[in-house]
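# Structural overview for review
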Amino acid sequence: MILTVTPSPAVDKTYVVPDFQVGVEARVDGRFIVPAGKAVNVARVARALGEEVSATGFLAGDRGEFVQRHLETLGIITDFAWIGGDTRETVTVLDPVSGMQTRLMEIGPVVTEDDVRSLEAKVRAMAAGADVITLGGRLPEGAPPDLYRRILDIVRQMGAPVILDAHGLSLRLALGASPFLIKPNQAELAELVERPIGGPEDAVQAALEIQEDGVECVVVSLGSQGAVAVCADGAFRVYPLVVKVVNTVGCGDSLVAGLAVELARAVREARMTGGVQLSGLPDGWLVRGLVLGTAAAASNAVTETAGTIDPEGIPGLAACVQVERMSPGQPAT
């Protein structure tokens, strides 16, 4: 079971508008409405990959009811903390002619300390049955910047590894609680280590520094350069698949979903053989996670909506993924 925690979910409306121009009336060729938010996208992709998934976070109003209903129709177990207002909405405009996309994102409702305590209680109850916990996305207005650290402190004694996909102050504060795996992108990693990240070699060096602070695994998404990963098994580079990209929103979340699925499988395997020691999980789970996540990201990229994949096409995509071992300090081939 993968538990996903999304403090700021959204309802994402995607409009397909050929030759989109600002200030000009435009014809909409297609419209899609799905639940969104980093960990919500992870939940949807992980479920499509065949994993049992539960989801929590903050929801509000009619839009929140839409998010919950949609997730439950996918077979995802939900238990959200309900707050005042209405869940935020995001709008994505895809221009299939230029290949450009424009995003508009509402701020969303404001949470109180009572709301935060309610979410913490939900997490405490749901984490007991989880193999892996994923935390992701921006924090809502009113939330304390150390919310992710507080959640990490709550679940620490339950033994499930935590994957964190956040940025800025919330990520920096959470590192003190040693999440098992973090997945910054290139810009977020540069902000974290306070220097530019030029490519895979720079990313590996920065990841090694973060690993020294108690984070077991660091996976860095690098856009068109693929991704790098540093864990106990070593350092790896995974190359992106060449596909006809329609929409890049949700590709990073799909990568996280693949990592979470393979990590959950490794945790269950370790449990069957006498207990879970996160420093001694079965060999190869990280590479398998990178392969599955990269395939899922490519599948997401060819759809109009974030967090949407074609499960039947995943094996074929995974067979094409290239992963290479890197030596820190040496260029990747």
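Up top you'll find the structure we're talking about.
We now turn to the structure provided with this report. Here the structure is a predicted model, which is why all the values come from computation and not from measurement.

Criteria and cut-off values
- Residue positions within a chain follow its written sequence, with the count starting from 1.
- Thresholds applied to this predicted model are a pLDDT of at least 70 for local features of residues and 80 or more for the giving and counting of side-chain atom pairs; totals over whole chains, interfaces and linings are not thresholded and use all residues.
- Note that water and hydrogens are dropped before the side-chain values are worked out from all heavy atoms of the structure.
- A run of H or I in DSSP counts as a helix once it spans at least four residues, and a run of E counts as a strand once it spans at least two, with each numbered from the N terminus.
- As a reference, a globule follows 2.2 Å times the number of residues to the power 0.38, and the radius of gyration itself is taken over C-alpha atoms.
- With a 1.4 Å probe rolled over the protein chains alone, any residue whose accessible area is under 20% of its type maximum counts as buried; one over 50% counts as exposed, and the rest are partly exposed.
- Throughout, the Shrake-Rupley method with a 1.4 Å probe supplies accessible areas, and for residues the shown protein chains are the sole cover considered.
- What a helix should span is 1.5 Å times the count of its residues minus one.
- The arc under discussion is defined with respect to the helix axis, by the directions toward the C-beta atoms.
- Any two residues having at least one pair of non-hydrogen atoms within 4.5 Å are treated as being in contact.
- Any two strands between which DSSP finds at least two bridges are classified as paired.
- Axis angles are defined between N-to-C directions and span 0 to 180 degrees, where every axis is a line fitted to C-alpha atoms and, for a helix, only to the segment in contact.
- In this scheme Phe, Tyr and Trp rings, the latter by its six-membered ring, pair at centre separations within 6.5 Å, and the angle between planes marks the pair as stacked below 30 degrees, edge-to-face above 60, and tilted otherwise.
- Here, the term nonpolar core denotes a set of buried Ala, Val, Leu, Ile, Met, Phe, Trp, Tyr and Cys residues that are joined through side-chain atoms within 4.5 Å.
- Salt bridge criterion: a side-chain nitrogen from Lys or Arg within 4 Å of a carboxyl oxygen from Asp or Glu.
- Roughly parallel means an angle under 35 degrees; roughly antiparallel means over 145; roughly perpendicular covers 65 to 115; every other angle is labelled oblique.
- The hand of a helix crossing depends on one turn: near helix anticlockwise from the far one by less than a right angle means left-handed, and clockwise means right-handed.

## Focus on the overall build of the chain
Counting secondary structure elements, the chain contains 10 helices and 15 strands. Relative to a compact globule of 333 residues, whose C-alpha radius of gyration would be 20 Å, the chain shows 19 Å and is just as compact. Overall size of the chain, expressed as C-alpha extent along the three principal axes, is 55 × 45 × 40 Å. For the chain, the residues scored as buried account for 53% of the 333 residues in total. For the chain, the accessible area works out to roughly 13900 Å², and carbon and sulfur atoms hold 52% of it.

## Examining helix 3 (residues 113-127)
Along an α-helix, a turn takes 3.6 residues, which lines up residues three or four apart on a common side. Taking 1.5 Å per residue, 15 residues should reach 21 Å; helix 3 reaches 21 Å between its end C-alpha atoms and fits that length. Within helix 3 the residues assigned to the buried category are Asp115, Val116, Leu119, Glu120, Val123, Met126 and Ala127. One side of helix 3 carries all its buried residues, which in axial view fall inside an arc of 140 degrees. More than 90 degrees from the buried face of helix 3, the exposed residues found are Asp114 and Ala125. Packing partners of the buried residues in helix 3 comprise strand 1 (2-6), strand 4 (53-59), strand 5 (77-78), strand 6 (81-82), strand 9 (132-136) and helix 4 (147-155).

## Thoughts on the sheet that holds strand 3 (residues 30-36)
The strands making up a sheet associate through backbone hydrogen bonding, with each pair oriented either parallel or antiparallel. Strand order in the open sheet made by the four strands is 3-2-7-8, with mixed pairing throughout. The sheet is open, and its two edges are formed by strand 3 and strand 8 (101-105), each paired on a single side. Within this sheet the neighbouring strands show an average axis-to-axis angle of 15 degrees, counted without direction. Note: strand 2 (residues 10-16) against strand 7 (residues 88-94), seven bridges, orientation parallel. Each residue of the ladder has a partner; that of Val16, found in strand 7, is Leu94. Strand contacts of helix 2 (residues 61-73): strand 2, strand 3 and strand 7, with the helix running at about 85 degrees to strand 3, the strand carrying the most contacts.

## Here we look at the packing of aromatic side chains
Aromatic ring pairs: the centre-centre distance and the angle between the two ring planes describe each pair. For the structure shown, the criterion picks out one aromatic pair. Residues Phe180 and Trp285 carry aromatic rings whose centres are separated by 5.9 Å and whose planes lie at 35 degrees to one another, so their mutual orientation is tilted. In this pair, Phe180 is assigned in the loop between helix 5 (168-174) and strand 11 (181-182) and Trp285 in helix 9 (residues 285-301), connecting sequence segments 105 residues apart. There is no split in this pair, since Phe180 and Trp285 are both buried.

## A look at the nonpolar core
Among the nonpolar cores identified, the biggest contains 50 residues, and Phe58, Ile133, Leu135, Leu164, Ile182, Leu189 and Ile210 are the most heavily contacted of them. The dominant element in this core, judged by the number of residues it contributes, is helix 4, at six residues. The contact partners of Leu135, leaving out residues within four places of it in the chain, are Val5, Tyr148, Ile151, Leu152, Val162, Ile163, Leu164 and Asp165.

## Observations concerning the side chain of Glu120
By secondary structure assignment, the location of Glu120 is in helix 3. Contact partners of Glu120, with chain neighbours within four places excluded, come to Arg150 and Ile154.

## As for the pattern of salt bridges
Close approach of charged atoms allows side chains of opposite charge to pair. Applying the stated criterion to the full structure yields 21 salt bridges. Across the salt bridge formed by Arg268 and Asp131, the nearest N and O atoms sit 2.9 Å from each other. Of this pair, Arg268 sits in helix 8 (residues 251-272) while Asp131 sits in the loop between helix 3 and strand 9, and the two are 137 residues apart along the sequence. A salt bridge links Arg265 to Glu262; the shortest N-O distance between them is 3.0 Å.

## Side note on helix 1 (residues 38-48)
Among the 11 residues of helix 1, eight are classified as buried, and the element is accordingly described as predominantly covered. Listing the buried residues of helix 1 in full gives Ala39, Val40, Asn41, Val42, Ala43, Arg44, Val45 and Ala46. Following helix 1 by one or two positions, Gly50 has its phi on the positive side, about 100 degrees.

## A word on the packing of helix 1 against helix 8
Two elements in contact, helix 1 and helix 8, have axes separated by 8 Å at closest approach and are oriented at 55 degrees. With respect to helix 8, the axis of helix 1 lies oblique. Taken as a pair, helix 1 and helix 8 cross one another with a handedness that is right-handed. Seen from helix 1, the contacting residues are Lys38, Asn41, Val42, Val45 and Ala46; seen from helix 8, they are Asp253, Ser254, Val256, Ala257 and Val261.

## Let's talk about the pairing of strand 13 (residues 227-231)
Most of strand 13 sits out of view: five of its five residues are buried. Burial of strand 13 is two-sided: the residues Ala227, Ala229 and Cys231 facing one way and the residues Val228 and Val230 facing the other way are all buried. Bridging between strand 12 (residues 217-221) and strand 13 involves four bridges; their strand directions are antiparallel. Paired with Ser221 across the two strands is Ala227, which belongs to strand 13.

## Notes on unusual backbone geometry
With a phi angle near 55 degrees, Ser178 is a residue other than glycine that sits in the positive phi range. Inspection of the secondary structure puts Ser178 in the loop between helix 5 and strand 11. Take Ser178: its relative accessible area is 33%, and that puts it in the partly exposed class. The phi dihedral of Glu194 is positive, around 60 degrees, even though this residue is not glycine. Among the secondary structure elements, Glu194 is positioned in the loop between helix 6 (186-193) and helix 7 (200-212).

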